Amino acid sequence: MSDSRYVIPPPPQATIAVAETDKVFPVRRIWCVGRNYIEHIREMGQDERAPPFFFAKPADAIVPDGGTVPYPSLTKDMHHEVELVVALKSGGRKIPVDKANDCIFGYAVGIDLTRRDLQIASRDVKRPWEVGKAFDASAPCGPLMPATKIGHPTKGKIILKVNGQVRQDGDLNQMIWNIRETISKLSEMVALEAGDIIMTGTPSGVAATVAGDKIECEVEGIGKLSVTIGPSLK
Ligand code: MN
């Protein structure tokens, strides 16, 4: 795969493990849905009637199952947001809702880690959210379960525990935009492609996590994810 036109070595391809195999899924883009569960909108004090929306993280923010997330710089309030992750095997523009499932390779459980203090500060001065959302190691993601094995789940418990204590406990059936609607909406904004993943929003119970925490997540029938929060990088 050497290509002499590159003036530096090309960066490594970000990947997510495929469950129960030695295969990996190559990640192109990470899209995230904001405010897709009503109880989370309530706990954040936001408008319940406003539709969900999208933001993004870099592909190399993925942290694998069993990994360690260094506590990030600049924040004193990093929050966990457990989310269902959808991985696409194909894409397109203006994908109709009834064709959206055809684009799905599989599903996993992930965490949209958030520097909440920085997100809120940037929101308040109408600046972009990257400083709060798109930092290094901000997208832990467990192994992908192929849709060929489990179909396309529309309900099931989504849970996050910190040091054994349940913090988030929701159900996929509480989403405002379901998976098919999310894919269709996003494809109005950009051309989706194979390798894109979507973090589909978090249920209520978001809270701060600190160095030393062990975070365990599960989506019923889809998979698990466990990560440790490490000390800050020097
Ligand atoms: Mn989120």
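The structure presented is a predicted model; accordingly, all values stated were derived computationally and were not measured.

Focus on the overall build of the chain
When its secondary structure is counted, the chain shows five helices and 18 strands. A globule of 234 residues ought to have a C-alpha radius of gyration of about 17 Å, and the chain, at 17 Å, matches this closely. Every one of the 234 residues in the chain was classed for burial, and the buried ones make up 48%. Pairs at least 24 apart in sequence give 75% of the contacts found in the chain among residues at least 6 apart. Of the side-chain charges in the chain, 29 are positive and 29 negative, and the distance between the mean point of each set is 3 Å.

Considering the pairing of strand β13 (residues 157-162)
Looking down a regular strand, the side chains alternate between one sheet face and the other. Where β13 and strand β14 (residues 165-171) come together, six bridges link them in antiparallel fashion. Counted as the bridge partner of K157 is D171 from β14. As paired elements, β13 and strand β17 (residues 214-219) share five bridges and run antiparallel to each other. Within β17, the residue paired with I159 across the bridge is E218.

Topic: the pattern of salt bridges
It is possible for side chains bearing opposite charge to pair when their charged atoms get close. According to the stated counting rule, one finds 12 salt bridges in the structure shown. Across the pair E193 and R28 runs a salt bridge, and its minimum N-O distance is 3.7 Å. Of the two residues, E193 is situated in the loop between α5 (179-189) and β15 (197-199) and R28 in the loop between β2 (24-26) and β3 (30-34); the sequence distance between them amounts to 165 residues. Owing to a relative accessible area of 30%, R28 belongs among the partly exposed residues under this scheme. Between D124 and R123 there is a salt bridge, and its shortest N-O distance comes to 3.9 Å. Members of the salt-bridge network, linked through shared partners, are K57, E81, D112, R116 and K133.

Topic: the environment of M189
Along the chain, the position of M189 falls in helix α5. Not counting residues within four places of it along the chain, the set of residues in contact with M189 comprises W31 and F54.

Some remarks on the coordination of the manganese ion
Donor atoms from the polypeptide that coordinate the manganese ion comprise E81 (OE), E83 (OE) and D112 (OD), at 2.0 to 2.1 Å from the metal. Counting the intervening residues between successive donors of the manganese ion yields the motif E-x1-E-x28-D. Residue E81 shares its accessibility class with E83, and that shared class is buried.

What to know about the sheet that holds strand β10 (residues 114-115)
Read from one edge to the other, the open sheet built from three strands follows the order β10-β7-β16, with strand pairing classed as antiparallel. Bordering the open sheet on either side are β10 and β16 (207-208), each of which pairs with just one other strand.

Examining the nonpolar core
Membership of the largest hydrophobic core comes to 42 residues, with the highest contact counts inside it found for L84 and I183. Put simply, the parts of the chain that give this core at least two residues each are β3, β8 (82-88), β9 (104-111), β13, α5, β17 and β18 (223-230). Setting aside residues no more than four positions away along its own chain, I183 makes contact with V86, L88, I95, A100, I104, L192 and I198. In this structure, I30, A59, A61 and M199 belong to the second largest nonpolar core, which totals 20 residues.

With respect to the pairing of β3
Counting buried residues along β3, five of its five residues qualify, which places the element largely inside the surrounding structure. Alternating positions in β3 separate into two faces, I30, C32 and G34 on one and W31 and V33 on the other, with burial throughout. Note: β3 against β15, three bridges, orientation parallel. Residue pairing in the sheet places I30 in a bridge with I197 of β15.

Observations regarding the state of the cysteines
Enumeration over the complete set of coordinates arrives at zero disulfides. The closest cysteine sulfur to the non-disulfide-bonded C141 is located on C217, 10 Å from its own sulfur. Judged by its relative accessible area of 3%, C141 is buried. By relative accessible area, which is 4% here, C217 ends up buried.

Topic: the sheet that holds β17
Pairing within the open sheet is mixed, and its five strands lie in the order β6-β18-β17-β13-β14. In this open sheet, the two strands that pair with only one neighbour each are β6 (68-70) and β14. Sheet twist, expressed as the mean angle between neighbouring strand axes with direction ignored, is 20°.

Calculation rules
Residues numbered from 1 in each chain as written. Predicted model: local features only at pLDDT ≥ 70, side-chain atom pairs only at ≥ 80, totals over all residues. Heavy atoms only, no water. Helix = DSSP H or I, 4+ residues; strand = E, 2+ residues; numbered from the N terminus. Rg over C-alpha atoms; globule rule 2.2 N^0.38 Å. Buried < 20%, exposed > 50% of the residue type's maximum accessible area, 1.4 Å probe, protein only. Contact = heavy atoms within 4.5 Å. Lys, Arg positive; Asp, Glu negative; His and termini not counted. Charge placed at Lys NZ, Arg CZ, Asp CG, Glu CD. Pairing = 2+ DSSP bridges. Salt bridge = Lys/Arg side-chain N within 4 Å of Asp/Glu carboxyl O. Donors = N, O, S within 2.8 Å, 3.2 Å for Na, K, Ca; no water. Core = buried A, V, L, I, M, F, W, Y, C linked by side-chain atoms within 4.5 Å. Disulfide = S-S within 2.5 Å. Axes fitted to C-alpha atoms, helices over the stretch in contact; angles between N-to-C directions.

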